[in-house]
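Architecture at a glance
As a plain string of letters, each chain reads:
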Amino acid sequence: MTLPSIPVAGVAACIIFLSISSLSAQRSELAKGGWDEIPEEELTATAPKIDPNAHSEFTYRSVKVDDREDYYSSHSFHNRVKLYDEAAVKDWDKVDIEYFEGFRVTKIKARVIYPDLTVAELSSRDIVRRKIFKNDSFSGYAKSFSFPGLKPGCIIEYSWKTGIDAWFKGVTLDLLSDYPTWRYDVVIKPYKGLAASVRSYNGGAKWEKVTGGFQTFAENLPAKSDVPYVGPYRDFEPFVLVEYSSEIEALEQEKYWNYRAGRLDDVNDELIKPKSGQVKKLASELFAGVGLNEEKVKIAYDYCTTEILNISEPNTVYTEEEIEELSKNKNPSQTLKNGYGTAFDINSLFASLLASGGFQVSLAEVEDRSVCTYHKGKLGGFNLSDWAVAVLVNNEYQYFDPGSSFLPLGVLNAQNTGAKAILIKGKFYEDVMTPEVGPEFSTVSRIADVRIDEYGDLEGSIAIKFDGYEGVAMKRAFSGQTDDEREEFVLEKHWQSRMPRTEIDDFSVKYADSRENGLIVRFNVKIPGYADLAGERMILNPSVFQQGASTVFPDETREVPIGFPFRPLVMDKVTIKVPSEFHYEASSGTTAEFDGALITRKSLVTISDAAELVYQRLYTLKGTLINTEFYGRVKAEFDALNEADHRPLTFVMNSELLTSSAE
């Protein structure tokens with residue numbers, strides 16, 4: 001059979017047609033499996049659209065908030081990222097879906113689309129849960145996963161659902177992320193029991209009403225500021241929110257805060273006032289024979305933190321998927337019956353027990369100083385995003401938060417101390433301030449007893465005690481970890497980040513599960529080449545705990561305020577035994593005292609005839625929030641601190657040994 005001839009031009013046209021058809025088929029395949037169709041612009045992009053220096057950008061982000069269920073809110077997220085170069089490949093080697101205590105992340109699916117439009121799908125076994133650290137401190141959790149064979153031109157796409165137990169309805173969404181965003185879509189399905197109002201701040205976006213709710217979008221969003229220790233970011237970054245009211249006018253006029261106080265009073269009435277026989281009975285049993293008010297508060301605190309499983313914290317009893325299916329507690333009686341509860345449930349039970357015991361109690365809304373500064377002119381719950389239990393003890397209000405992990409009795413989380421709050425008194429509110437907590441509460445005592453051999457290698461024992469907020473942060477970091485994981489964490493975060501060759505062993509931890517006692521870690525350490533040898537001289541830095549640390553603020557300028565989580569008090573004592581053939585020669589001012597506008601630092605070195613030196617160092621901060629205009633001064637003080645922490649001592653070989661060696 002003879003086939004008809006086809007002109008060369010026709011052949012070329014057929015090839016092009018077939019190629020286009022094949023490409024179209026591939027692109028159609030990308031939209032299967034519940035994924036959205038990807039616009040041509042995203043597939044073909046080869047360079048950043050928003051920031052010319054960006055290595056990757058979110059080409060699309062979306063969130064759909066379903067706020068319709070009582071005491072619960074779900075957020076469904078969808079992200080796409082375009083990788084432009086090898087730096088982006090390195091940045092996205094691990095994908096993190098970050099979240100905090102009280103949140104649950106489920107229904108993760110993800111894929112990578114390679115430049116040739118082939119696809120690799122994520123397997124559920126590829127997802128691991130890990131902890132996230134910022135500024136070398138524990139900050140939350142992440143569900144993490146990786147893809148093989150990433151390269152420039154790839155698109156990473158992933159989606160997930162976050163479940164949040166919410167007694168007081170309202171949604172606040174930040175628009176910025178760590179990378180620039182082409183477009184961010186937001187859809188809200190509001191709570192049906194109340195009127196809803198949507199607003200935008202710091203640029204935000206315009207809302208429109210759609211069937212079943214509201215929607216908005218934002219385009220060409222820059223990345224968040226990539227600098228350490230950022231102050232309350234909702235004071236200057238764009239965000240949007242949804243607020244609820246029985247009367248829409250209450251969300252827009254001067255009566256807003258009194259209306260909010262009325263709602264809080266209703267919550268107090270429902271959750272605190274002793275109506276339940278079961279809670280009353282327990283209170284009667286717990287407080288029987290106890291005369292002191294302070295002792296009653298402690299008994300109730302201990303019961304709520306030890307007898308009720310906190311499902312807002314990671315635990316080994318339920319998975320996050322199982323927690324999503326658990327019955328929601330609608331009052332303290334159900335929390336008591338079920339034996340588990342969210343952080344809010346536990347705070348409510350604590351308040352109800354004390355109310356049953358005759359105390360005057362109220363739930364209070366408290367400012368999170370790291371997120372937003374409270375002001376009456378800012379209508380919205382984002383002003384006061386956290387909760388505390390206010391208890392009148394001996395005619396003075398004290399504030400408690402048993403629902404937060406590892407907090408000692410009588411203090412709030414660091415971001416809620418020295419903070420503004422509203423206290424409910426009937427249908428009205430009173431502006432109050434929570435007590436400040438001084439640096440002595442968060443003391444870190446670090447002791448090193450080490451020796452250095454003739455080769456400059458350091459070896460010895462380390463003991464560190466973390467009290468207060470330093471201890472809370474470490475306990476939260478250690479929670480759920482094995483002993484080996486804790487050892488690896490301390491080694492990597494506290495030592496190898498400064499001195500990569502460090503080794504530790506004989507590691508032990510004490511009081512990792514205690515609210516009242518400071519956490520203690522002990523271990524042996526080896527650091528090859530710690531001291532430098534230069535001919536007959538040995539040069540070493542006695543500040544073992546700071547050696548290799550970089551300056552805190554490397555940038556010359558800064559556009560956002562500085563915010564520290566709390567004021568620490570760090571006290572070091574380092575005893576170093578130098579080889580007997582060396583004696584002290586000189587220092588570059590290791591003994592020093594500095595009292596600046598923000599930093600107080602003292603150091604002292606004493607050296608015995610036996611070539612044993614003792615180095616002592618004290619460091620603390622005078623404040624936690626600094627405006628941008630003072631950045632130059634703050635940077636100068638931290639640069640001076642870093643320089644002082646790296647001043648060396650010089651030891652020289654004994655002259656008799658030098659003479660003997662020369663002969």
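A brief structural summary. Predicted model only: the values in this text are computed from it and were never measured.

**A word on the sheet that holds strand β30 (residues 582-587)**
With antiparallel pairing, the four strands of this open sheet are ordered in space as β26-β27-β35-β30. Only two strands of the sheet have a single partner each, and these edge strands are β26 (532-534) and β30. The sheet shows a mean angle of 30° between the axes of neighbouring strands, direction not considered. For β26 and strand β27 (residues 537-540), the ladder comprises three bridges, and the chain directions are antiparallel. What sits directly across from A534, in β27, is R537.

**Things to note about the pairing of strand β22 (residues 443-452)**
Inspection of the sheet shows β22 paired to strand β29 (residues 569-577) by nine bridges, in the parallel sense. Bridge assignment links D449 to a residue of β29, and that residue is T575. In this structure, β22 lies alongside strand β23 (residues 458-466), joined through nine bridges in antiparallel fashion. The residue bridging R446 from the neighbouring strand is I464, located in β23. The antiparallel hairpin formed by β22 and β23 contains five residues in its connecting segment, where G456 sits at a positive phi of about 90°.

**Some points on the packing of aromatic side chains**
Under the criterion given, the structure shown has 29 aromatic pairs. With a centroid separation of 4.9 Å and 35° between ring planes, the pair formed by W92 and Y179 is classed as tilted. Within this pair, whereas W92 is found in the loop between α3 (86-91) and β3 (95-99), its partner Y179 is found in the loop between β9 (171-174) and β10 (181-189), the two being separated by 87 residues in sequence. Put simply, the rings of F77, F145, F147, Y158 and W160 touch in pairs and so form one group of aromatic residues. Geometry around W182 places K49 over its ring, the cationic atom sitting 4.6 Å from the centre. Positioned above the aromatic ring of F217, the side-chain terminus of R183 is 4.0 Å from the ring centre.

**Observations concerning the nonpolar core**
Counting 100 residues, the largest nonpolar core has I156, Y158, W495 and F638 as the members making the most contacts within it. Looking at this core, the element that brings in the most residues is strand β25 (residues 519-527), giving five residues. Excluding its chain neighbours within four sequence positions, the residues that come into contact with Y158 are W35, F58, F77, H78, N79, V81, W92, V95, I97, K109, A110 and F145. Core analysis: the next-biggest nonpolar cluster, separate from the first, contains 55 residues, V297, L349, Y374 and V472 among them.

**Description of helix α6 (residues 293-306)**
Counted at 1.5 Å a residue, the expected span for α6 with its 14 residues is 20 Å, and the 20 Å between its end C-alpha atoms agrees. Residues K296, V297, I299, A300, Y301, Y303, C304 and T305 constitute the buried set of α6. Elements that come into contact with the buried residues of α6 comprise α5 (277-287), α8 (332-338), α9 (343-356), β18 (386-393) and β19 (396-400).

Definitions and limits used
Residues numbered from 1 in each chain as written. Predicted model: local features only at pLDDT ≥ 70, side-chain atom pairs only at ≥ 80, totals over all residues. Heavy atoms only, no water. Pairing = 2+ DSSP bridges. Helix = DSSP H or I, 4+ residues; strand = E, 2+ residues; numbered from the N terminus. Axes fitted to C-alpha atoms, helices over the stretch in contact; angles between N-to-C directions. Phe/Tyr/Trp six-rings, centres within 6.5 Å; stacked < 30°, edge-to-face > 60°. Lys NZ or Arg CZ within 6 Å of the ring centre and 35° of its normal. Core = buried A, V, L, I, M, F, W, Y, C linked by side-chain atoms within 4.5 Å. Buried < 20%, exposed > 50% of the residue type's maximum accessible area, 1.4 Å probe, protein only. Contact = heavy atoms within 4.5 Å. Expected span 1.5 Å × (residues − 1).

Such coordinate-based values are descriptive only and should not be taken to indicate function.
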